[in-house]
Every structure is written in C-alpha cells, then in structure tokens.
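Okay, here's what each chain looks like letter by letter:
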Amino acid sequence: MNKTVNQYGSWAVVTGASDGIGKAFAQAIAANGMNVFLVARTKGQLDELSVELALRYKVKTAVIVADLSIMEGVDAVLDHTKESDVGLYVGAAGFGTSGDFIDTSIESELNMVDLNCKSIVKHAQVYAQRFKKRGSGGIILLSSLVGFQGTPRASNYAATKAFVQTLAEGLHVELKPHKIDVLAVAPGPVKSGFADRANMIMANTDSPQIVAQHALKRLGKCFTTRPGFLGKLLGYSLSMTPRWGRVQILTRVMGDMTKHNVHSGTRQHEAG
Ligand SMILES: NC(=O)c1ccc[n+]([C@@H]2O[C@H](COP(=O)([O-])OP(=O)(O)OC[C@H]3O[C@@H](n4cnc5c(N)ncnc54)[C@H](OP(=O)(O)O)[C@@H]3O)[C@@H](O)[C@H]2O)c1
C-alpha cells in the first residue's frame with residue numbers, strides 16, 4: 001500500500017453503504033480508524049451500521065439518506081459533506097437488471113443509468129475538485145467483470161459498468177498530478193443483495209468483505225483491480241480471449257444466471 005486508508009483524510013463518503021459491497025467498504029474503512037458518511041436510501045440499515053461502526057471502531061459516522069438516481073439526492077450528499085475533511089469517496093451504490101432488453105421496463109433501465117453512471121460523474125467531479133483543493137484524495141468506483149464486453153441479457157447493466165470502468169481509467173491518469181488516486185474495482189459475482197434485485201441466480205460468489213479489503217489495499221497502486229478468487233479466475237481467463245469470444249462466453253454465463261426467468265418473462269425491479 002502506498003499509504004494506509006486513513007491517510008487519505010479524516011472522513012470517507014461511501015455510497016451504497018446499507019448493504020453488500022458498500023457496507024463492507026464502510027466497515028473496512030472504519031476499522032482503519034477513518035470517519036464515514038454512510039449513504040443509501042434505507043435509513044434503518046444505515047442507522048444500524050452507524051451505531052455498529054461508532055461502537056466497534058470508535059470513529060464518527062453520519063447517515064445521509066438519499067436517492068442517488070435523482071440529482072437532488074446526489075447534490076444532497078455533496079452538500080452534507082462539504083464542511084468536512086473528506087479525502088476518500090467510494091461510489092458503490094448501484095443495481096443491475098436482467099432479461100431480454102426488448103421486454104424490460106424502460107423506466108428501470110433509465111433509472112439504472114442515472115444511478116450507475118450519472119450520479120458517479122457528478123460525485124467524481126465535485127470530490128475531485130475538493131480533493132485537488134485539499135492536496136490529495138482517493139476515488140474508488142465499482143465497475144464489474146461484465147463491463148469489459150457486451151453481456152447479453154444484462155446488456156444495459158454491462159454498458160453502465162463499461163462506462164464506469166472507462167471513466168475510472170481516464171481519471172486515474174488525469175487526476176494523478178493532483179495527488180488523487182483513482183481505482184476501478186471489477187469484481188465477478190459477489191454475495192450481496194445485488195443478484196436478488198437483478199433477478200439473477202449466482203451459483204458461486206466472492207464475499208463483499210474480500211472485495212472491499214482487497215480494493216483498499218490496491219488504491220494508489222493500480223488503476224483496476226479484480227478482487228476475489230472468482231473475480232481473478234474469471235477476469236484473467238476472459239482477458240486471454242478476444243472480445244467477440246468473451247461475448248459468447250458471457251452469453252452462456254448470463255444465460256445460466258437468468259434461465260429461471262426465460263419462460264416466465266422478466267421480473268424487473270422497479271427502482272426508486
Ligand atoms: N454483487 C455483484 O455480483 C457485483 C459484481 C460486480 C459489481 N457490482 C457492483 O457493486 C456495487 C454494489 O453492489 P452490491 O453487490 O453491494 O449490491 P447490493 O447489496 O444490492 O447493494 C446496493 C447498494 O446500493 C444502494 N442503492 C441502490 N439504489 C440506490 C439509489 N437509488 N440511491 C442510493 N442508493 C442506492 C442500496 O441501498 P438502498 O437500497 O438502501 O438504497 C445498497 O446499499 C454496484 O455498483 C454493482 O453494480 C456488484
């Protein structure tokens with residue numbers, strides 16, 4: 001590690017902190033002695049985590065209840081955190097959809113673009129400006145294994161993750177002169193609330209804790225990391241295959257993960 005996580009500043013902002021990967025990031029960051037702003041829509045889960053972190057790690061925590069698929073929610077996070085010494089931003093709020101794109105709910109697909117892409121762009125730019133002013137910072141963005149090629153039956157979700165991956169790669173270089181470390185985290189299947197919301201069945205998964213701990217160790221060392229055994233195994237074996245071949249493989253993988261809804265139609269989560 002170039003520096004320990006708590007050297008990024010006194011406070012971190014973690015979106016998606018009520019569950020899964022974001023929650024694991026919040027726990028790992030607090031365990032390193034850093035104060036954490038916890039962001040998501042579900043107040044009860046954030047409050048519970050807030051108490052747990054404050055008691056266990058003796059850090060300060062603050063809950064921000066916000067829907068990040070709308071700009072008011074995105075701006076509320078920026079507003080609530082502007083007076084604090086935030087040095088680390090983890091954008092983990094996100095969701096996926098699955099099924100035949102032609103039949104999916106367009107509201108859900110567009111809501112996913114707003115959350116997975118638009119909120120990240122705004123947060124990344126404003127925190128980068130603040131980090132530049134304070135002299136350093138760290139930005140961690142959640143990409144995915146599926147973001148490296150087209151992924152049938154999760155086409156739009158994979159496209160949102162390709163967006164995040166590409167954004168992070170560019171920012172990694174662009175923000176380096178300002179002493180801002182940017183990391184794309186590209187896990188394979190992870191055990192969290194994600195699969196249920198996306199209506200996917202994942203036979204094998206890595207744990208959210210592995211993802212978060214690994215990513216925090218890699219921040220400042222590389223521009224993309226593939227945490228977890230599965231993430232590494234799948235990521236590296238896919239990287240040996242040309243892009244058209246990867247699309248064929250992902251067609252099979254996603255076909256397996258969504259075969260339960262092929263005949264019953266798609267069960268899209270109505271987001272927001
Ligand atoms: N799990 C996987 O297999 C996997 C693999 C690769 C990448 N990822 C990425 O990792 C990130 C985290 O996913 P996860 O696995 O941790 O999923 P998760 O367990 O479903 O957690 C998603 C988090 O995002 C929050 N969220 C969802 N919609 C939101 C909204 N409109 N506004 C604010 N917060 C919202 C949820 O909280 P509320 O519902 O309380 O708002 C929750 O805290 C996502 O970007 C996902 O694409 C996941």
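No experiment lies behind these values; they were computed from the predicted model shown.

What counts, and where the lines are drawn
Residues numbered from 1 in each chain as written. Predicted model: local features only at pLDDT ≥ 70, side-chain atom pairs only at ≥ 80, totals over all residues. Heavy atoms only, no water. Helix = DSSP H or I, 4+ residues; strand = E, 2+ residues; numbered from the N terminus. Expected span 1.5 Å × (residues − 1). Buried < 20%, exposed > 50% of the residue type's maximum accessible area, 1.4 Å probe, protein only. Contact = heavy atoms within 4.5 Å. Phe/Tyr/Trp six-rings, centres within 6.5 Å; stacked < 30°, edge-to-face > 60°. Lys NZ or Arg CZ within 6 Å of the ring centre and 35° of its normal. Polar contact = N/O pair within 3.5 Å; in protein donor to acceptor, adjacent residues only side chain to side chain. Pairing = 2+ DSSP bridges. Right-handed = clockwise from strand over helix to strand, strands pointing away. 1 Å grid on protein atoms, 1.4 Å probe; cavity = no way out; pocket = protein on both sides within 12 Å on 5 of 7 lines; lining within 4 Å. Points joined across faces, edges and corners; volume = space filled by probe spheres on them. Nonpolar A, V, L, I, M, F, W, Y, C, P; charged D, E, K, R; others polar. Core = buried A, V, L, I, M, F, W, Y, C linked by side-chain atoms within 4.5 Å.

A. Looking closely at helix H1 (residues 20–31). For H1, which comprises twelve residues, the first-to-last C-alpha distance of 17 Å matches the rise-based estimate of 16 Å (1.5 Å per residue) to within 8%. Within H1, the full set of buried residues consists of Gly-20, Ile-21, Gly-22, Ala-24, Phe-25, Ala-26, Gln-27, Ala-28, Ile-29 and Ala-30. At its buried positions, H1 is contacted by strand S1 (11–15), strand S2 (35–40), helix H2 (43–57), strand S4 (86–91), strand S5 (137–142) and helix H7 (208–218). Just beyond H1, the residue with positive phi is Gly-33, at close to 85°.

B. The packing of aromatic side chains, seen in detail. One pass over the full model with this rule turns up four aromatic pairs. With centroids separated by 5.1 Å and ring planes inclined at 50°, the aromatic side chains of Tyr-157 and Phe-194 adopt a geometry described as tilted. With Tyr-157 in helix H5 (residues 155–174) and Phe-194 in helix H6 (residues 194–198), this pair connects stretches of sequence that are 37 residues apart. Overall, Tyr-157 belongs to the buried group, its relative accessible area being 8%. Every member of this aromatic cluster is reached through a ring pair, and the members are Tyr-89, Tyr-127 and Phe-131. Across the ring face of Phe-148, the terminal group of Arg-226 is positioned such that the distance to the ring centre comes to 4.6 Å.

C. Geometry of the environment of Thr-97. Structurally, the position occupied by Thr-97 is in the loop between S4 and helix H4 (106–134). In terms of polar contacts, Thr-97 uses its side chain to reach the side chain of Glu-109, at 3.1 Å.

D. Looking closely at the pairing of S4. In terms of burial, S4 is largely enclosed, as six of its six residues are buried. Pairing between S1 and S4: five bridges, direction parallel. Note that in S4 the partner of Trp-11 across the bridge is Val-86. Pairing between S4 and S5: four bridges, direction parallel. Pairing of Tyr-89 across the sheet is with Ile-139, part of S5. For the crossover that starts at S4, traverses H4 and ends in the parallel S5, the hand is right-handed.

E. Layout of empty space enclosed by the protein. Applying the stated criterion across every chain, the model contains two cavities of 30 Å³ or more. Lining the largest cavity, in full, are Thr-97, Ser-98, Gly-99, Phe-101, Thr-104, Glu-109, Arg-153, Ala-154, Ser-155, Asn-156 and Tyr-157. A total of three residues in the lining of the largest cavity trace back to one element, the largest contributor, which is H5. Each residue belonging to the lining of the largest cavity can be placed in one class, and the counts come to three nonpolar, six polar and two charged. Looking at the second largest cavity, its volume works out to about 30 Å³. Together, Gly-91, Ala-93, Gly-94, Asn-116, Ile-120, Leu-142, Lys-161 and Val-164 line the second largest cavity. Classifying every residue of the lining of the second largest cavity gives four nonpolar, three polar and one charged.

F. Main features of the nonpolar core. Core analysis: the largest hydrophobic core is formed by 45 residues, its most contacted members being Val-13, Leu-68, Val-77, Tyr-89, Tyr-127, Ile-139 and Met-200. Among the elements that make up this core, the one with the highest residue count is H4 (eight residues). Ignoring anything within four residues of it in the chain, the contact list for Val-77 reads Val-13, Val-39, Ile-64, Ala-66, Leu-68, His-123 and Tyr-127. Met-34, Val-36, Leu-38 and Leu-219 belong to the second-largest nonpolar core, a separate cluster that totals 34 residues.

G. Inspection of the pairing of strand S6 (residues 180–185) at higher detail. Counting buried positions along S6 gives six out of six residues, so the element sits mostly inside the fold. Residues Ile-180, Val-182 and Ala-184 of S6 are buried on one face, and the alternating residues Asp-181, Leu-183 and Val-185, pointing to the opposite face, are buried as well. Where S5 and S6 come together, six bridges link them in parallel fashion. The residue of S6 that forms the bridge with Leu-142 is Val-185. Bridge analysis of S6 against strand S7 (residues 224–225) gives two bridges, and the strand direction is parallel.

Keep in mind these values describe shape, not function.
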